[in-house]
Number of protein chains: 2
Amino acid sequence: MKLSGGVEWAVHCCVVLSQAEGPVPTQRLAEFHGISRTYLAKHLQQLSRAGLVTSTEGRVGGYLLTRPGDEITVLDVVQAIEGREPAFRCTEIRQNGPLPASPQVCQRPCGVNRVMQLAEQAWRESLRAVTIADLAAGVLQDAGPQTFDRVREWLAT
Amino acid sequence: MKLSGGVEWAVHCCVVLSQAEGPVPTQRLAEFHGISRTYLAKHLQQLSRAGLVTSTEGRVGGYLLTRPGDEITVLDVVQAIEGREPAFRCTEIRQNGPLPASPQVCQRPCGVNRVMQLAEQAWRESLRAVTIADLAAGVLQDAGPQTFDRVREWLAT
DNA sequence: AATTCGTGGATGACAAGTATCCGCGTTAGT
DNA sequence: ACTAACGCGGATACTTGTCATCCACGAATT
């Protein structure tokens, strides 16, 4: 089980965007994080399709959050990149073989499936409990209160 | 994010094994679930390496659980197949770019990483809370009290 | 008109999951 | 002894998904 590396990029970008004063182009975000510009562009497009960011085209264009940071959860970002399909896919093997489960029994989802779904639910709840604003506050806590001032300054360059 | 399909097979096999009276060969387990024998063999070997099942070679050989079903959690099985690596891998992009996080700050793990780790922790706790015996009880509940009698009967064929 | 920017499609490299087959050693029954 | 059933490990493909790049296009600013 592996998460796309784009998730890390997207979350970090959202934290930066939550501190931006104007549209931030892909170029800037990629440069800031030291990552591939062209590939990051793809992920930002996914955030855009998911409605987490708005894009302004043309010169002085770029990306902006559609909502304040405290209204965007980490789960929102993860699902924008990873999609909403469950990690566990039940193939209903209980219906196979010499002693298949009856159609009546199969009206309820498979017990194994239920357990896996509950676990993923717990995972999502945990991610839903944290917002981009929480992460930004954590950065301030870890790296000092002037951190985002410097970021904004560099962004304006 | 996707779980290996082998997880589903492995969990179902453990439930069957928890009801077995003697060693069950791969052939039987594959036939019972209507799945590939040769590929299932690989997953059973993983369970064996993880110490969840013991194998007896030679004729009338097969697999047995090393512990009773109530001492094997779903998490044990999932980790035996999927490994113990976290789904989220932090690449420390905060150290990149024009405003890298200082080495002092980086002594603590990245805030994004902490959130993702917590979520995976919640996921694991949820899977750890359910045992193979619980799943077996669920099958009995769903499919009727004689279900495993029929399974044992077929297994003895 | 030229530059900067987002968008979508096409493409390719690479890793991982899926699946099969074979030779080997082991064990029980004949 | 011989054979049949079995687990084990390695080798080998096939498929899928991730990662990454490039390009042509339209939009907006200077």
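Here the structure is shown first, and the text comes after it.
As a starting point, this report considers the structure included with it. (Residues numbered from 1 in each chain as written. Chains lettered and ligands numbered in written order. Predicted model: local features only at pLDDT ≥ 70, side-chain atom pairs only at ≥ 80, totals over all residues. Heavy atoms only, no water.)

1. Description of the relation of the copies chain B and chain A
Related by rotation about an axis and a shift along that axis, the two copies of the chain form a pair.
Reasoning step 1: Turning chain B through 180 degrees and shifting it by 0.0 Å along the axis lays it on chain A, with an RMSD of 0.0 Å. Taken together, the turn and the small shift mark the pair as related by a two-fold rotation axis. Measuring from the rotation axis to each C-alpha of chain B, the shortest distance belongs to B:Trp123, at 2.5 Å.
Reasoning step 2: Interface residue correspondence from chain B to chain A reaches 100%, placing this contact among same-surface, isologous pairings. (Least-squares fit on C-alpha atoms with pLDDT ≥ 70 in both. Contact = heavy atoms within 4.5 Å.)

2. Describing the protein's contact with DNA strand D
Reasoning step 1: The environment of DNA strand D is made up of 26 residues, and the closest members are A:Ser36, A:Glu57, B:Lys42, B:Ser55 and B:Tyr63.
Reasoning step 2: Near the protein, meaning within 4 Å, the atoms of DNA strand D are sugar or phosphate in a fraction of 65%, with bases accounting for the rest.
Reasoning step 3: Between a phosphate oxygen of DNA strand D and a side-chain N or O atom of A:Ser36, the distance comes to 2.4 Å.
Reasoning step 4: Between DNA strand D and the protein, one listed contact pairs a base oxygen with a side-chain N or O atom of B:Lys42 at 2.5 Å.
Reasoning step 5: The leading source of residues in the surface near DNA strand D is helix H3 (residues 37-49) of chain B, at four residues.
Reasoning step 6: Among the residues making up the surface near DNA strand D, the classes are represented as six nonpolar, 13 polar and seven charged. (Near = heavy atom within 4 Å. Polar contact = N/O pair within 3.5 Å; in protein donor to acceptor, adjacent residues only side chain to side chain. Helix = DSSP H or I, 4+ residues; strand = E, 2+ residues; numbered from the N terminus. Nonpolar A, V, L, I, M, F, W, Y, C, P; charged D, E, K, R; others polar.)

3. As for the protein's contact with DNA strand C
Reasoning step 1: DNA strand C sits among 26 residues. The nearest are A:Lys42, A:Tyr63, B:Ser4, B:Ser36 and B:Gly58.
Reasoning step 2: Looking at DNA strand C alone, sugar and phosphate atoms form 62% of those within 4 Å of the protein.
Reasoning step 3: Contact between DNA strand C and A:Ser55: a phosphate oxygen at 3.0 Å from a side-chain N or O atom of the residue.
Reasoning step 4: At a separation of 2.9 Å, a base oxygen of DNA strand C approaches a polar backbone atom of B:Arg59.
Reasoning step 5: Counting residues per element, the ones that place at least two in the surface near DNA strand C are helix H3 (37-49), strand E1 (53-56) and strand E2 (62-65) of chain A together with H3 of chain B.

4. Brief notes about the pattern of salt bridges
Reasoning step 1: Under the definition given, this model contains 16 salt bridges over all chains.
Reasoning step 2: Between B:Glu31 and B:Arg28 there is a salt bridge, and its shortest N-O distance comes to 3.2 Å. With B:Glu31 and B:Arg28 both in helix H2 (residues 26-33), this residue pair falls three residues apart, about one helical turn.
Reasoning step 3: Taking relative accessible area as the criterion, B:Glu31 reaches 37% and is therefore assigned partly exposed.
Reasoning step 4: Of the charged contacts, one joins B:Asp76 and B:Arg67 as a salt bridge, the two residues approaching to 4.0 Å between their closest N and O atoms.
Reasoning step 5: A residue is classified by how much of its surface remains accessible, and B:Arg67, at 29% relative accessible area, is partly exposed.
Reasoning step 6: Residues participating in the shared-partner salt-bridge network are A:Arg108, A:Arg114 and B:Asp142. (Salt bridge = Lys/Arg side-chain N within 4 Å of Asp/Glu carboxyl O. Buried < 20%, exposed > 50% of the residue type's maximum accessible area, 1.4 Å probe, protein only.)

5. Describing empty space enclosed by the protein
Reasoning step 1: Tallied over the full model, the rule gives two cavities of 30 Å³ or more.
Reasoning step 2: Here the largest cavity is characterised by a volume of approximately 90 Å³.
Reasoning step 3: Elements with a contribution of two residues or more to the lining of the largest cavity: helix H4 (74-82) and helix H5 (111-128) of chain A.
Reasoning step 4: Class assignment for the residues of the lining of the largest cavity results in four nonpolar, two polar and five charged.
Reasoning step 5: As a volume, the second largest cavity reaches approximately 70 Å³.
Reasoning step 6: Around the second largest cavity sit A:Met1, A:Ala87, A:Glu120, A:Trp123, B:Met1, B:Ala87, B:Glu120 and B:Trp123, which together line it.
Reasoning step 7: For the lining of the second largest cavity, a count of residues per class yields six nonpolar, no polar and two charged. (1 Å grid on protein atoms, 1.4 Å probe; cavity = no way out; pocket = protein on both sides within 12 Å on 5 of 7 lines; lining within 4 Å. Points joined across faces, edges and corners; volume = space filled by probe spheres on them.)

What is shown is where atoms sit, not what they do.
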